[in-house]
Each structure stands twice: as structure tokens, then as C-alpha cells.
Amino acid sequence: MRLPAYSTAILILIFLCAVTGVTPLQVSLAAQESAVSQTDPEEEASEELSEETEEESDESSLLQYNGFIEFQSFLNTYRDQDFSDAAKKNELRSRFESRYGEDNLHLFVAADLFYQFQSWKDDEEKDYRYAHDSRVKRNLRITSEDAEFAFNELYLNFGREGYRLRLGNQIFSWGTADGINATSYFNPYDLREFIFREDDEFRFGVPALSGMVFRNNYTVELVFVPVNIPMRLAPENNYWSIRQDEILYNLHFEETDGMDIKVRNFAYGARISSSLKGNDFSFSLYHGPDREPVLIPMAVEVRPNLPVNVNIEHRYYVVDYIGMDFSRTIDDFVVQAEVAYSPNKANIMEQDVPFMEVRFPYEVERSSYISYAVGFNYFIPLHHLLEDHEGESVFTFEWFQSRFLEAGVSQPYLFKNWLTFKYKDTFYHGHIPVALTTLIETDHGGIIFRPEIGWDFLNGMSVELSYAGISGKKEAGELVQNSYYNYRNNDMVMLTLRYEY
Amino acid sequence: MMPALLLGCGEPSPSSNVIISGSVSGTVLEEYPDQPVIVLISHDADMNAIRNDPMNTLIAYAGVDPSTRSFRLDLQDSGLLPGDTVFIAAFIDLSPADRAPYPDTGDWIGFWMNPLNFSTMYTVTAGENNITDIRITREIFDFQAAVTGTVQTDEIGGMLLFAYVGPLTSLNPAALDPDRIIGYTSLIMTGSPVEYFLPILPFGFDTPIENVLILSILDSNQNGLPDAEDKIGYHTAAPPNPTAVTITEGLLTDVDVWFF
């Protein structure tokens, strides 16, 4: 099934029809403005004075900003180590969001600055690195070992009634799932802390040109991304790096800057969203580099006095997707579902043999692939039981699964079969936020248990304490063990101090 | 920064602080200078277990420095403790580069052997264990063979039983060529004949292996070392001279050992 040849035409046709439909409305607005401008001179002077006052306040409203400064510390609770080695992450983060301009024309920026406090450690002792070396990435992310400066959102927004255009780094939050969004095709994940990065750190912005058309009954969004931004795993010798405790071999991941910038590697997609009788739904199409790379074991490398290295390459392939998402509110429930299908997603072929008989490099094949999530949010009417309870109690359940449908193709490594249970609430007039999350990876019996509690001073200051317990089972014969087993000793206590402004 | 009590109390797992170092040699290394040489350390010398269940059999598996032909393996995190016994071998991998190095048919191997009692199991001590040079002199073949029989003696004590590819010029253990020892086992004699099972290593010689002598050394003075007070036994069909056998694939039975 070849989509690219005609999908481009379909996408352009949709956009042109939508824009053409807005034009008559623009003419009508212009005529109304002309009629308003015909007033007497006294009124004009009065208006000028009030306009001057408005201008001063308008100037200040042109610039809007907010952000926070946060300190976060991770303490590993693995017992077989010295206490000085247990302090894994001590990070200062500054988040700054700003909009300069008016609704119809403005510059928006969401920037993050990260700094890791570990200068007292020798290089060999450091186990929390953002990157191996200092570089400027394609999406303007400036990264080094101990610090990082990212502009995940940095775009110029231009709009009129009925449509808007954006140019620059953007994040496209397609999909309704609370966890992994199958239809979030464009933005790669930042997995340098597995899944423990905050929601606003979990995905990288991508340089894009996007347009959205707003009609009475539907909206259409078109996206064009000329540059492939790769996903990131933790670098080697990092607390979150994928490592094996196997005697036979060590894993060495070779990073990539993404696919070459060529026309055939451009990404583009479209999404149409609408509501009907209380049901919100969307359909989407995508063509371009896959969000996740294929991790290909390429070769073994013999090293003196060390286990052999299995060199694993991140390689991206151009794929096509068709997807949809759905949500509906039924009393206190919000039910949601999301699915994406690809006829040509790539992955490595299985080799069900002992390590000594594995052949390198692994072969790669394309296969039909499906990924979906179903679940609900239940807004618990706790005030019926606790009279003074003011917070919003929410219980979330979600089942996510992804599957290659061709025989012999390895199943996805990163996100396979996940069950999520989450309870979230606030108590004592919003001062005490609590959450309890359990993630279960059903293929390998992996579990993440995460309770959280905090204190919100309600003046911008907040503190949160949480714990993450990770357990996983080893699977015999797997060259790269599943993430839960890989991180089974990464149990940790997390402390977060935040000031919002 | 965080209270220490959050870490929980408990004894950390024992750390062994065992390091094994040594060197490798052999003319095959000169013949194939660019091929990788691997040193492996395992719980026993069963190559089938190493082949079929490497994850549970191997303790270490690492490259030898090609420039110095030496190795130094820090086994601190392996769980190995002083007093444990290990099998130490080194092999040169001549297989195509599309696989992980593995001692397979056609490769060459050498292993540590106690020159006094021909044991292939090394007893580790705390700290640095600098073993003697491992000579990679045996080609690896693909066969399974063993010898069984009865040691016909009423003696008491430890016994070494081994298969030796002749010719044999002297029964003095010091005169034996370790490269010609193709099977080894140890028994405890309790005053009556004991049946034995002697697996034949698929290294150095390929079946059929002719002119193989089944020899034994009875540690009469129980000092753990072969010396003049020990008794020598051997298989014979025409006493008092040793009789050689031919090892073929499979089990060779009724190869009794006698003491004269």
C-alpha cells in the first residue's frame, strides 16, 4: 500500500478547501470595520484618549510570561551501595514560557534550562549525564554533559478568524490517551529518564510548519516537518542507560542525529477533529520518519579485559500511519480510545537462538503494525462520602498495546503492553496533592509503583515527595532485556521543590 | 540531603576482590594475528554446558589484549570467593565475524592445568591471581566420547585418572606432556574397586584417537601431590605392560585399570 503519491494531493486539497471557505467571512468583517469608523470628531477625540490609555495597557498585555524554577533530587534506594553513591540526580530546572504579541500574531516560546549539580564527582563517578558531548541539536537543543538548554516550543503564530499558521519548534499533542499516544506521530520521546520525566519534558519539539482551520463543525490541522528529530535514550554509564548485567556482552548504543535532511525524509500529516452528540473524535494520517528508531544489533566488538560489546544502531525508517482517537463523557466517566495502524513499520527479525549462535547484523523487515490505547477517567464524587472534600478525585485506567502483525518480526522493545492505574486527588483546600500510580507491563511482569504526596503553599511554592519502585523479570534468550528488568535496581525517592511565577 | 534511613539497613552482598591475570601464547596466534582471543572463566570444564548454557556457566568472558597478549579480569562483582575453583581457558576465534566469539569447531583453545596433578580447576585466592601462561595449542573438534571401567584396587586414598595420547616414555608424572592429556577425573578409593567415568576432551585430537593410555596415580601418602611414594596404575590387556586403546565417538567400556 503506497500512501505518499496521493496522500500529498489529498492533504493539499483539504487545506485549500478549508481556506477557501473562510474567505467570504473575512470580506464581511472588513465591511463591518469600515462602518464602525464613520463617527463624529468629538467622539473621535474621546476615543483617541481612551485608545491611548488602552495602548499602554495593550503594550503590557502584548508580553505575557510565566514559568517556574524547580530543584529535583533522586535518591536511589538500592542497598548494595555507599550512601554517597545513592544521590543520583540533583537538577535545577528553569522553565520559561512567554508569548509576545497579539492573539493573531505572536511569538511563543517555551524554554527549559537544566543543570546537574555533580561537579564534586569525578568523571568516572558521574552517572547522570544529559549527553556524552556538547552539541547543538537540530531542534535548537543545546546539550552537554551537565547542562541543557532546550526550546521545545519556539514558533511564530499568525492567525485570522477561521485559521492559524505556525512556524517553528512545536509540539503536537494528538490523541486522547493519558499515557502513550499512538497518534502522536511527530514528536519523539525523551527517554533519558525512562518514563520519569515530567509531562512537559517527555517529548522534543520539532521544527515545523503547521496550519489549523477552524470551522463550525470541525477543525483541520496540517503539519509539515522537514527535519527528523531522533528520540533520545540515556547515554552510556548513565543511571538510566540500557545496560546488561550479562557476563557475555555489554550493550553499546550508537547515537544518531536523525535521518538526512532530504525530501524523501520529510514528514507531513493531517488531522481532522469534530464532535457529534457529545462524542469527540479525530482521524489522522501521517507519512514520514517513524517516531521511534529500530534498534539494530549490528556487530560484536572484542575489548581487552572486558566483555564483548554488542553495537546497537538507532536507525529510522519512513513509515505511514492512519489513526483515530475518540473520547466521550458519560456522567462521571470520560471514556477514551486511540488507535494507529501502519502497513509498513520496520523492526528487526527475531533470532530465537543462544547468544553464541546469533548472526549479526540483525535483519530488518517491514510489517503491518497496530498500536492502541483504551481507558477511562472516572471523576470520583468523593464529596458524597467526605463532606468537606473540595479536591477533584480522578481514577484513571488505561490499557496500551502495540503489535507487529507479521510472523518472525520482533515485538516492540520500548512500549509493548501496559496497564495503567492512577488515582489523583487534592486535600485540605488544595494544599495536599496526592497521586498513586501503578504501571504493569504484562509481557514481562514488570511493575512500577509510584505514590506521590506534596504540599502546595498556594503562593507559587510547592514541594513534592514521591517514590518509584520498579520490578521486572528477566526473559531467557533476549539479547536486550526489557526495560523493567533493566531498571529493577533503580528504585528511588524523589524530592521536588518548585516555585511558579 | 536525604535521610540515610530511607536507604534501609541490611548487609551488602559479599564482595570477593578476586582478580585473575595472565598471558596467552601459541603458534596459532602468530598464524592468525588479527583474530580475537578470548579468555573465559567458568564454574566447571564442561564445554557442553558452556556452549548450551553460557549465561549460567560462565563467570567471565573477555578479550585478551592483542598487543600484550595478556589479560587481567576484575571479578569483584562476580560473586566469586577465595577458595572457589574455576576453569580458566583461552581460545582464538577463527569463525566469521558475524557472530560473537565462541569456542567452536575449528578454533584453538588452551586452558590452565595444574602441572602436578593435571587438574584443570584453579583455586582462587583473595587479591591478584597471576596464573601461568595459557598455551593455546589444541584445536577444537566436535565429538562426544568417554571411557568407563573399574579401578581394580583395594587401596585407600585419592586417585587421579587420565587419558594420555602416547607415546609414553616414562610413568614419571613430571615427564608427561600436558598437551597430550585428553581426559581427566579424580576418584576417592575406599578399599574396594571403584567404577569410573572419564569424559574425553574434544581438544587437540580428533576421533578416532589412537594410542591412548588410561593411567592413574594413587596418592598413597595422601599429600595431594604425585611423588615417589605414589602408585601408578594403568589399563592393560597383557600385564605388566600398559595397553593402548583407540578412542572413537561414543562410550568405550570395560577399560579396567590395574595396579602392579
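What counts, and at which threshold
Along each chain, numbering runs from 1 in the same order as the chain's sequence is written. To read the labels, note that chains go from A and ligands from 1, taken in the order they are written. For this predicted model, a pLDDT threshold of at least 70 governs which residues receive local features, and a threshold of 80 or more governs which side-chain atom pairs are given and counted, while totals over whole chains, interfaces and linings are taken from all residues. Only DSSP runs of H or I with at least four residues qualify as helices, and only runs of E with at least two residues qualify as strands; both kinds are numbered from the N terminus onward. Here exposure depends only on C-beta density: within 10 Å of a residue's C-beta, 20 or more other C-beta atoms make it buried, 12 or fewer make it exposed, and intermediate numbers make it partly exposed, the C-beta atoms being placed from the backbone. Here the contact rule is simple: place C-beta atoms from the backbone, and any two residues whose C-beta atoms are within 7 Å are in contact. Two strands qualify as a pair provided that DSSP identifies no fewer than 2 bridges between them. The axes used here are C-alpha line fits, helices contributing only the stretch in contact, and every angle between their N-to-C directions lies in the interval 0 to 180 degrees. The nonpolar core is taken to be a set of buried Ala, Val, Leu, Ile, Met, Phe, Trp, Tyr and Cys residues joined by way of C-beta atoms within 7 Å. Where a domain begins and ends is set by an automatic assignment or by a domain database. The nonpolar class holds Ala, Val, Leu, Ile, Met, Phe, Trp, Tyr, Cys and Pro. Asp, Glu, Lys and Arg form the charged class, and all remaining residues, Gly among them, are polar.

Asks: Hey, could you run me through the overall build of chain A in this one?
Replies: Helices and strands together make up the secondary structure of chain A, namely four helices and 25 strands. A total of 501 residues make up chain A; the buried ones form 30% of that total. Contacts in chain A between residues far apart in sequence, at least 24 positions, make up 60% of those at least 6 positions apart.

Asks: Mind showing me how you'd approach the overall build of chain B here?
Replies: A count of helices and strands for chain B gives three helices and 19 strands. Taken along its principal axes, the extent of the C-alpha atoms in chain B is 80 × 45 × 30 Å. Counting every position in chain B, which comprises 260 residues, the buried fraction comes to 36%. Excluding contacts between residues fewer than 6 apart, the proportion of contacts in chain B whose partners are at least 24 apart in sequence is 72%.

Asks: Honestly, unusual backbone geometry in this entry has me stumped. Any pointers?
Replies: Note: most residues except glycine have negative phi, and most peptide bonds are trans. At the junction of A:Phe360 and A:Pro361, the peptide bond is cis and its omega measures out at -10 degrees in the coordinates. With an omega of 5 degrees, the peptide bond between B:Pro239 and B:Pro240 qualifies as cis. Note on placement: B:Pro240 falls in the loop between strand S16 (231–234) and strand S17 (245–247). The backbone of A:Asp331 sits at a positive phi, close to 55 degrees, despite the residue not being glycine. By secondary structure assignment, the location of A:Asp331 is in the loop between strand S17 (318–330) and strand S18 (333–348). Of note, B:Asn211 is a non-glycine position whose phi angle comes to about 60 degrees, a positive value. Residue placement: B:Asn211 occurs in strand S15 (residues 209–218). Look at B:Asn211 and you get partly exposed, because 15 C-beta atoms sit within 10 Å.

Asks: Mind showing me how you'd approach the sheet that holds strand S12 (residues 249–254) of chain A here?
Replies: All names here are of chain A. Pairing is mixed in the open sheet, where three strands are placed in the order S12-S16-S15. The sheet is open, and its two borders are formed by S12 and strand S15 (294–303), each paired with just one other strand. Shown here is a sheet whose adjacent strand axes are inclined to one another by a mean of 30 degrees, direction ignored. Note: S15 against strand S16 (residues 306–315), eight bridges, orientation antiparallel. Residue pairing for S16: Pro 297 is matched across the bridge by Ile 312.

Asks: Just checking my understanding: could you explain the nonpolar core for this structure?
Replies: Where a protein is soluble and globular, its nonpolar side chains tend to be buried together. Residues and elements named next belong to chain B. Ile 38, Ala 60, Ala 90, Ile 136 and Ala 163 are the most contacted members of the largest nonpolar core, which has 133 residues in total. Counting the residues that make up this core, at least three belong to each of domain 1 (18–139) and domain 2 (145–259). In this structure Ala 163 touches Val 147, Ile 182, Gly 183, Leu 198, Ile 200, Val 212 and Ile 214, once residues within four positions along its chain are discounted.

Asks: Hey, could you run me through the domain arrangement of chain B in this one?
Replies: Accessible area lost during the coming together of the parts is what is often quoted as the interface size. Residue and element names in this part refer to chain B. As far as domains go, chain B holds domain 1 (18–139) and domain 2 (145–259). Put simply, the middle of domain 1 and the middle of domain 2, counted by C-alpha atoms, are 26 Å apart. On the domain 2 side, the residues contacting the 10 residues of domain 1 number 10 residues. Classifying every residue of the side of domain 1 that touches domain 2 by side-chain character gives five nonpolar, three polar and two charged.

Asks: Sorry if this is basic, but what is going on with the interface of chain B and chain A here?
Replies: Residue-level contacts link 30 residues of chain B with 27 residues of chain A. When residues of the side of chain B that touches chain A are traced back to their parent elements, those giving at least two are helix H3 (54–57), strand S3 (58–63) and strand S4 (70–74) of chain B. For the side of chain B that touches chain A, the element with the highest residue contribution is S3(B), accounting for six residues. Class assignment of the residues belonging to the side of chain B that touches chain A gives a composition of 21 nonpolar, four polar and five charged.

Asks: Mind showing me how you'd approach the environment of B:Phe143 here?
Replies: Residue placement: B:Phe143 occurs in the loop between strand S10 (138–139) and strand S11 (145–152). In this view, B:Phe143 contacts B:Pro202, B:Thr207 and B:Glu249; residues no more than four positions away in its chain are not counted.

Asks: Help me understand the pairing of strand S5 (residues 85–92) of chain B in this model?
Replies: The side chains of a regular strand alternate between the sheet's two faces. Residues and elements named next belong to chain B. Most of S5 is tucked away, with seven of its eight residues classed as buried. Both strand S2 (residues 37–42) and S5 contribute to a ladder of six bridges, which runs antiparallel. If you follow Ser 42 over to S5, its bridge partner there is Phe 87. Alignment of S5 against strand S6 (residues 108–111), held across four bridges, turns out to be antiparallel.

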